[in-house]
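What the coordinates show
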Amino acid sequence: MSCITIWKRTPPLISFTDDVVEQIEAAKQVYGEALVHEKINSIVREALSLVALTKDRQDTESQS
């Protein structure tokens, strides 16, 4: 799986607040860049899957 660097996109894919950026940078220092990227991707993937499940449920309910 390939990764893209979001801050080089115009416009950025995701904009983080300064406090989140600081927390990400601190986590990278402690746990390493690869692990932090993996964890962030997992969190975003899970959040987006919930959005898809909600939409599927709404579609099913509207068909009833």
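The text that follows walks through the structure, step by step, so that each part is easy to find. Sequence order as written defines residue numbering, which begins from 1 separately in each chain. Given that this is a predicted model, residues contribute local features only at a pLDDT of at least 70 and side-chain atom pairs are listed and counted only at 80 or more, while totals for whole chains, interfaces and linings are drawn from all residues. Side-chain calculation: all heavy atoms of the structure are included, whereas hydrogens and water are not.

Remarks on helix H1 (residues 18-31)
Each helix corresponds to a stretch of at least 4 residues labelled H or I by DSSP, and each strand to a stretch of at least 2 residues labelled E; elements are numbered beginning at the N terminus. Each residue after the first adds 1.5 Å to the expected span of a helix. With 14 residues, H1 extends 20 Å from end C-alpha to end C-alpha; this agrees with the ideal 20 Å at 1.5 Å per step. Positive phi appears at Gly-32, one or two residues downstream of H1, with a value of about 95°.

What to know about the pattern of salt bridges
Note on definitions: salt bridges are taken to be side-chain nitrogens of Lys or Arg within 4 Å of carboxyl oxygens of Asp or Glu. By the definition in use, this model includes two salt bridges. Taking the shortest distance from any N to any O, the salt bridge between Glu-25 and Lys-28 comes out at 3.7 Å. Of the two residues, Glu-25 and Lys-28 both sit in helix H1, three residues apart, roughly one turn of that helix. Put simply, Glu-33 and Lys-28 hold a salt bridge, and the shortest N to O gap is 3.9 Å. Each of Glu-25, Lys-28 and Glu-33 takes part in one network of salt bridges that share partners.

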